[in-house]
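Below are the chains, spelled out letter by letter.
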Amino acid sequence: GENVEQHPSTLSVQEGDSAVIKCTYSDSASNYFPWYKQELGKRPQLIIDIRSNVGEKKDQRIAVTLNKTAKHFSLHITETQPEDSAVYFCAASKGSGSWGKLQFGAGTQVVVTP
Amino acid sequence: DSGVTQTPKHLITATGQRVTLRCSPRSGDLSVYWYQQSLDQGLQFLIQYYNGEERAKGNILERFSAQQFPDLHSELNLSSLELGDSALYFCASSVGRRTGGSTDTQYFGPGTRLTVL
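Because the structure is a prediction, the values reported are computed rather than measured.

A few words on the overall build of chain A. Each helix and strand in chain A was counted, giving zero helices and 11 strands. Each helix and strand of chain A, placed in order from N terminus to C terminus, yields the pattern β-β-β-β-β-β-β-β-β-β-β. In terms of overall size, chain A behaves like a compact globule, its C-alpha atoms giving a radius of gyration of 14 Å where 114 residues would be expected to give roughly 13 Å. C-alpha extents for chain A along the principal axes are approximately 40 × 30 × 20 Å. Taken across its 114 residues, chain A has 47% of its residues classed as buried. In the form shown here, chain A has an accessible surface area of approximately 5,500 Å², with 48% of it arising from carbon and sulfur atoms. A gap of 8 Å separates the mean positions of the 12 positive and 12 negative side-chain charges of chain A.

Before going further, it helps to spend a moment on the environment of A:Thr113. Residue and element names in this part refer to chain A. Tracing the sequence through the fold places Thr113 in strand β11 (residues 108–113). Given a relative accessible area of 27%, Thr113 falls into the partly exposed group. Along the sequence, Thr113 and Thr69 sit 44 residues apart, while their C-alpha atoms lie 35 Å from each other. In this structure, Thr113 is in contact with Ser12, Val13, Gln14 and Glu15, ignoring residues within four places of it in sequence. A distance of 3.4 Å separates polar atoms of two side chains, one belonging to Thr113 and the other to Gln14.

Each strand in a sheet pairs with another by means of backbone hydrogen bonds, the pair being arranged parallel or else antiparallel. All names here are of chain A. On the basis of which strands lie adjacent, the open sheet formed by five strands has the order β1-β3-β8-β7-β6 and antiparallel pairing. The open sheet has two edge strands, β1 (4–7) and β6 (56–59), and neither has a second partner. Averaged over neighbouring strand pairs, the angle between their axes works out to 15 degrees when direction is ignored. In this structure, strand β3 (residues 19–25) lies alongside strand β8 (residues 72–77), joined through six bridges in antiparallel fashion. From the neighbouring strand, Ile21 faces β8, where its bridge partner is Leu75.

Let us now look at the pairing of strand β11 (residues 112–116) of chain B. Residue and element names in this part refer to chain B. Of the two faces of β11, the one holding Thr112, Leu114 and Val116 is buried and the one holding Arg113 and Thr115 is not buried anywhere. Where strand β2 (residues 10–13) and β11 come together, four bridges link them in parallel fashion. Pairing of Leu11 across the sheet is with Leu114, part of β11.

Turning to the interface of chain B and chain A, a few remarks are in order. How big an interface is tends to be reported as the loss of accessible area on association of its parts. Between chain B and chain A, the residue contacts involve 29 residues of the former and 23 residues of the latter. Where chain B abuts chain A, roughly 2,100 Å² becomes buried across the two surfaces, and 50% of that area is made up of carbon and sulfur atoms. There are zero salt bridges connecting chain B and chain A. Every element with two or more residues in the side of chain B that touches chain A is listed here: β4 (31–38), β5 (42–50), β6 (53–57) and β10 (107–108) of chain B.

The rules behind each value
- Residues numbered from 1 in each chain as written.
- Chains lettered and ligands numbered in written order.
- Predicted model: local features only at pLDDT ≥ 70, side-chain atom pairs only at ≥ 80, totals over all residues.
- Heavy atoms only, no water.
- Helix = DSSP H or I, 4+ residues; strand = E, 2+ residues; numbered from the N terminus.
- Rg over C-alpha atoms; globule rule 2.2 N^0.38 Å.
- Buried < 20%, exposed > 50% of the residue type's maximum accessible area, 1.4 Å probe, protein only.
- Areas by Shrake-Rupley, 256 points an atom, 1.4 Å probe, with all protein chains shown as cover.
- Lys, Arg positive; Asp, Glu negative; His and termini not counted.
- Charge placed at Lys NZ, Arg CZ, Asp CG, Glu CD.
- Contact = heavy atoms within 4.5 Å.
- Polar contact = N/O pair within 3.5 Å; in protein donor to acceptor, adjacent residues only side chain to side chain.
- Pairing = 2+ DSSP bridges.
- Axes fitted to C-alpha atoms, helices over the stretch in contact; angles between N-to-C directions.
- Buried area = accessible area lost by both parts, 1.4 Å probe.
- Salt bridge = Lys/Arg side-chain N within 4 Å of Asp/Glu carboxyl O.

Here it is, written out as structure tokens:
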């Protein structure tokens, strides 16, 4: 089955710097790659997702890149702020429409220090 | 707020007991997914229902079962509870297009924190 590896497990950045989290996946049939942000005790919240027909997607300070050949995708957060501190999960899924379960990475604890 | 609701928010029970967790998907969503989040296992997919029918199974124990009702809400039943079942249980929902495209976006509910003593 699909295996998703996520690095690093923890990331400490100064406010205003950039943060990058990388994930690799094993199943070349995967076609959907969402990123979720989870604050302590709260629900995973979708922050951005990318589908396999595009290589990059951006939403304000957040961007995701996808390299299908290398089977990896990355989350980029620019101009980090203290409220960006949370655990970030990447996930991968193959399938169509409702035929798709998410395989999650282990998560990255991001700490933004003022 | 994702539009997915889950009850109860917290549940404390004893080993050997049985509990039921409830999830109401976003309005119009046909698919419901259940995930378990524990400290050592991360977010693990348990089971998915689409319009009342089981669609996919993940790492779900035989002691666990689920169903989706005609009004599309779903219940996850956990029986013969063990200490290791203590975790956050999340429900997610998606539109559930029948064909085409890649996987639908999933939106998570607030979760139920289960503590087994």
